[in-house]
Amino acid sequence: MILDGLSDLGFRIEDVINQEHDAALGNGGLGRLAACFMDSMATLNYPAWGYGLRYRYGIFKQEIVNGYQVEIPDYWLDNNPWEFPRHEITVDIQFYGNVKKYQDENGRILNSWEDGEIVQAIAYDVPIPGYGTKTTNNLRLWSSKASSGEFDFQKFNAGDYESAVVDQQRAETISAVLYPNDNLERGKELRLKQQYFWCAASLFDIVRRFKKTKRAWAEFPDQVAIQLNDTHPTLAIVELQRILIDMEGLEWDEAWSIVTKTFGYTNHTVLPEALEKWSVPLMQNLLPRHLQIIYEVNLFFLQSVEKRFPNDRDILSRVSIIEESHPKMVRMAYLAIIGSHKVNGVAELHSDLLKSTLFKDFVKIYGPDRFTNVTNGITPRRWLHQANPRLSALIAEKLGGYDFLKDLTLLDKIEVFVDNKAFREEWAVIKRENKLRLARHIKATTGYDVNPNALFDVQVKRIHEYKRQQLNIFGVIHRYLSIKAMSAEEKKKVVPRVSIFGGKAAPGYWMAKTIIHLINNVADVVNKDPEVGDLLKVIFIADYNVSKAEIICPASDISEHISTAGTEGSGTSNMKFVLNGGLIIGTCDGANVSLFFSYMTCFHPTHTNSTDRSKSHAKSASRTSSSSAISLKTSRTCATDTSTGASSWTHSWSVSSTQSKTTCSATKPTSPRSQAPSKSTVTTISSRTISTPTSPRTRWSTRPSRIRRSGWPSRLPLSRAWDSSLWTALLMSTLIVSGMSSLWMLRTKQTAV
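Residues numbered from 1 in each chain as written. Predicted model: local features only at pLDDT ≥ 70, side-chain atom pairs only at ≥ 80, totals over all residues. Heavy atoms only, no water.

**Remarks on the overall build of the protein**
A count of helices and strands for the protein gives 26 helices and 24 strands. Across the 753 residues of the protein, 53% fall into the buried class. Excluding contacts between residues fewer than 6 apart, the proportion of contacts in the protein whose partners are at least 24 apart in sequence is 73%. When the accessible surface of the protein is split by element, carbon and sulfur atoms take 53% of a total near 34800 Å². (Helix = DSSP H or I, 4+ residues; strand = E, 2+ residues; numbered from the N terminus. Buried < 20%, exposed > 50% of the residue type's maximum accessible area, 1.4 Å probe, protein only. Contact = heavy atoms within 4.5 Å. Areas by Shrake-Rupley, 256 points an atom, 1.4 Å probe, with all protein chains shown as cover.)

What follows is the structure, given as structure tokens:
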């Protein structure tokens, strides 16, 4: 009906859709993860609310001028039909002022936060519908407005024209821009203002709805669960404590028990920039009552630590919320741990690093049960069904429906089509059409023509030194110089490649902006060199966002996820590329590790009939080329205690190339109570060496098995050899049957479904 109506008016549905702007609420990892969570909770019929700020200009719109990034406002709200203003829902948010103590009629000492500045938060609602369900959750965004109104007629009539609007201008800056430049002190204050404005308005709304139920406060954690997405909303812990003791009259211990049962904390990275610290003088000026509460929380916490570890005085300074520096700083990550009942990392490697390094003292204090892992994920409804509808339809045709969009484990069933010629041809046609679509977008936005038959090598993500776009562009420069030095005959053997970059640099991050300039300068040289031609093209896609990602991900042949090992919490773009049948190159970092083991699992047999399986593997391995430069050797050994029946698996692997070799192993018992066996039998289930074939047509004769991996290393070596070999040698994906097989690498543990 809609299509026919638009057609009658002379419009195409594609053109109408393109008029809609991306929601400028955060296109990086945290923003996209939150969006996927909202989609998944609605799809799974979980009642949930999302809260955020209604940024008037988003983060910024990126333009490239003379190779440099230039930031301009993103006017995404000029055409946003999905939001519903709720002007009747307003919250007064207080800043600055002072705290006065007084005694009530019962002799209790109470605190009153007085004076200061009041800014009004106004609610705007965005519906979040689930897939295949009637459930629709709500995303509530807060916009800031001066409590005195937009315009002061008294000041205007007195001739003070500038002051007539200054209150509104100062208030509007709070919800104007996502991540304002904090290189200056005023920028830091604005960021802290944004965080408290967001937390205070959201907590007020949550508490208001709870109080309407007339339940006792002790039931609050049973009705409300709040997950802190990194340290940015940590002030919510302090704000809820303030509401309970200052406004609702609860005793400190009762209130703190409610707070800690309500909050959970997700840490996303070990980088200092994500482990926020706010100076005590700044917080004293902006949020004086909250600083008092933080000091009290810290006092009670340190007293409990001192009782447990009376002989370890150093631990007190290591775990204190207040860092004794100049000036003193409030460590928000520590506050989040102390104020939450559960702390999780976002990939198994990352979670283990948190427990063994950054938060090891807190593991000692609270025990390991407080810390867990929840691997980040993506929603297949957007990143497969919407971004790649023809591939989604092909899979649905073979599986008999779209149930896999709610349960990706069903993708295992497409194994039976791995040798189906028609299926493989249709898969290839879909990939080529996606590459043609991206080629047209590149032509329209950059003016460069790219060969759709070339290898599309993609790295699109936030520009940062630890994500190592500079390493990638150095590799491009090396490839360019190598091609220039080749003879005409040698050039005929080169696989044409298009190196595609995209991403935004923070406005105050000079080095990241310099990397963008370097990429564009290299592109200007390479793309205009007639000696190189289509053998190498370099493309920087400006203003990378979700809509552009939906074009790029389905078109990639390989994508690069090469962050310095140990620095990426999880990363989810790797999952998006893999889910669309792309191959990945990645360091041993974040969710790359999970994908790596899922791949290794595909080629490991079940532990039944191991003799036949070993023969099958030997036959398969013999089909690889003898001239391969990269080798992956894996083995799994099972040790069984004959007296107790308990067994333990050892999973070993080594990755080697002509330049380096890395060996690693892991052991995991099948039962948590199993001990080292006194009498044991050892069975080697599989041992194989896999080498990258020189011919892209070479493929394995055995299909991936459905066995899950039994264990993975609790601590992986982060040596330079491991990192450098995997940035090249984690062409693990190139060992897969074909591009379609990379879908098997994405298991339920790596999705937000």
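Next comes the rest of the account.
**As for the environment of Leu455**
On the secondary structure map, Leu455 appears in strand β16 (residues 455-460). For Leu455, a relative accessible area of 22% corresponds to the partly exposed category. Sequence spacing of Leu455 and Pro496 is 41 residues, and the spatial spacing of their C-alpha atoms is 6.1 Å. In contact with Leu455, other than residues within four places in its own chain, are Val495, Pro496, Arg497, Val498, Asp557 and Ile558.

**Side note on the confidence of the model for the protein**
Overall, the prediction assigns the protein a mean pLDDT of 80, with 77% of residues at 70 or greater. Overall, residues 602-637 carries pLDDT values under 50, and its contacts beyond four positions in sequence, including any with other chains, amount to 111 contacts. (pLDDT = per-residue confidence, 0-100.)

**A word on the sheet that holds strand β13 (residues 329-331)**
The strand order across the open sheet built from three strands is β11-β13-β12, with neighbouring strands paired in antiparallel fashion. Two strands in the sheet have a free side with no partner beyond their single neighbour: β11 (277-279) and β12 (322-323). (Pairing = 2+ DSSP bridges.)

**Quick look at the pattern of salt bridges**
Taken as a whole, this structure holds 40 salt bridges when the rule is applied. For Lys364, the salt bridge is made with Asp312, and the minimal N-O distance between the two is 3.6 Å. Of this pair, Lys364 sits in helix α15 (residues 360-366) while Asp312 sits in the loop between α11 (288-308) and α12 (314-319), and the two are 52 residues apart along the sequence. Notably, a salt bridge pairs Lys443 with Asp449, separated by 3.4 Å at the nearest N-O pair. Exposure remark for Lys443: the relative accessible area of 40% places this residue in the partly exposed category. When salt bridges that share partners are traced, they join Arg86, Glu88, Asp125, Arg140, Asp205, Arg208 and Arg209 into one network. (Salt bridge = Lys/Arg side-chain N within 4 Å of Asp/Glu carboxyl O.)

**Concerning the side chain of Ser563**
Structurally, Ser563 can be placed in the loop between β19 (558-561) and α23 (573-579). For Ser563, the side chain forms a polar contact with the side chain of Asp589, separated by 2.6 Å. (Polar contact = N/O pair within 3.5 Å; in protein donor to acceptor, adjacent residues only side chain to side chain.)

**Structural notes on helix α21 (residues 510-526)**
Along its 17 residues, α21 runs 24 Å from first to last C-alpha, staying within 8% of the 24 Å computed at 1.5 Å per residue. Within the sequence span of α21, burial applies to Ala512, Lys513, Ile515, Ile516, His517, Ile519, Asn520, Val522, Ala523 and Val526. Contact partners of the buried residues in α21: β2 (61-65), β3 (68-72), α19 (469-484), β17 (497-502) and β18 (536-541). (Expected span 1.5 Å × (residues − 1).)

**Looking at the packing of helix α17 (residues 389-399) against helix α18 (residues 421-446)**
Where α17 meets α18, the axes come as close as 10 Å, and the angle between the chain directions of the two elements is 165°. Considering their axes alone, α17 and α18 lie roughly antiparallel with respect to each other. The handedness of the crossing between α17 and α18 comes out as left-handed. Contact residues: α17 offers Arg390, Leu391, Leu394 and Lys398, while α18 offers Phe423, Glu426, Trp427, Val429, Ile430 and Glu433. Looking at side-chain class alone, the contact of α17 with α18 contains six nonpolar, no polar and four charged residues. (Axes fitted to C-alpha atoms, helices over the stretch in contact; angles between N-to-C directions. Parallel < 35°, antiparallel > 145°, perpendicular 65-115°, else oblique. Left-handed = near helix turned anticlockwise from the far one by under 90°. Nonpolar A, V, L, I, M, F, W, Y, C, P; charged D, E, K, R; others polar.)

**Brief notes about the side chain of Asn138**
Assignment of secondary structure puts Asn138 in strand β8 (residues 136-146). For Asn138, a relative accessible area of 14% translates into the label buried. Within polar-contact distance, the side chain of Asn138 engages the side chain of Asp125 at 3.3 Å. If sequence neighbours within four positions are ignored, Asn138 has contacts with Met38, Ala48, Trp49, Gly50, Asp125, Val126 and Pro127.

**Describing the pairing of β2**
Where β2 lies against β3, five bridges are found, and the strand directions are antiparallel. Across the sheet, Ile64 pairs through a bridge with Gln69, a residue of β3. With antiparallel pairing between neighbouring strands as the criterion, β2 and β3 make up a hairpin whose turn holds two residues, including Asn66 at a positive phi of roughly 55°.

**Let's talk about α18**
Given 3.6 residues per turn, any residue in an α-helix points the same way as the ones three and four places further on. Helix length check: α18, at 26 residues, gives a terminal C-alpha distance of 37 Å against a target of 38 Å (1.5 Å per residue), a fit within 8%. Of the residues that open α18, the one with a side-chain oxygen 3.1 Å from the backbone nitrogen of Ala422 is Asn420. Once α18 ends, the next one or two residues include Gly447, with phi positive near 90°.

**Focus on the sheet that holds strand β9 (residues 226-229)**
The strands that make up a sheet are held in pairs by hydrogen bonds between backbone atoms, and each pair lies either parallel or antiparallel. Taken in spatial order, the four strands make up an open sheet running β9-β10-β14-β15, and their pairing is parallel. Taken across any chain shown, the strands that pair with only one partner, and hence form the sheet edges, are β9 and β15 (371-373). Mean inter-strand twist for the sheet, computed between neighbouring axes without regard to direction, equals 25°. In this fold helix α9 (residues 252-262) packs onto β9 and β10 (263-266), with an angle of close to 45° to the strand it touches most, β10.

**Topic: the pairing of β16**
Within β16, five of the six residues are buried, leaving the element largely enclosed by the surrounding structure. Relative to β19, β16 runs parallel, the two sharing two bridges. In the sheet register, Val458 faces β19, and the bridge partner there is Ser559.

**Points about a nonpolar patch on the surface**
Taken together, Leu9, Phe11 and Val16 make up a surface patch of nonpolar side chains, about 300 Å² in accessible area. With respect to the helices, strands and loops of the structure, Phe11 is situated in the loop between α1 (2-8) and α2 (13-18). (Patch = residues over 30% accessible without salt bridge, like charges linked within 9 Å, V, L, I, M, F, W, Y side chains within 5 Å.)

**Description of the environment of Ala396**
Tracing the backbone through its elements, the reader meets Ala396 in helix α17. As for Ala396 and Leu411, which are separated by 15 residues in sequence, their C-alpha atoms are 9.7 Å apart. In this structure Ala396 touches Gly401, Tyr402 and Phe404, once residues within four positions along its chain are discounted.

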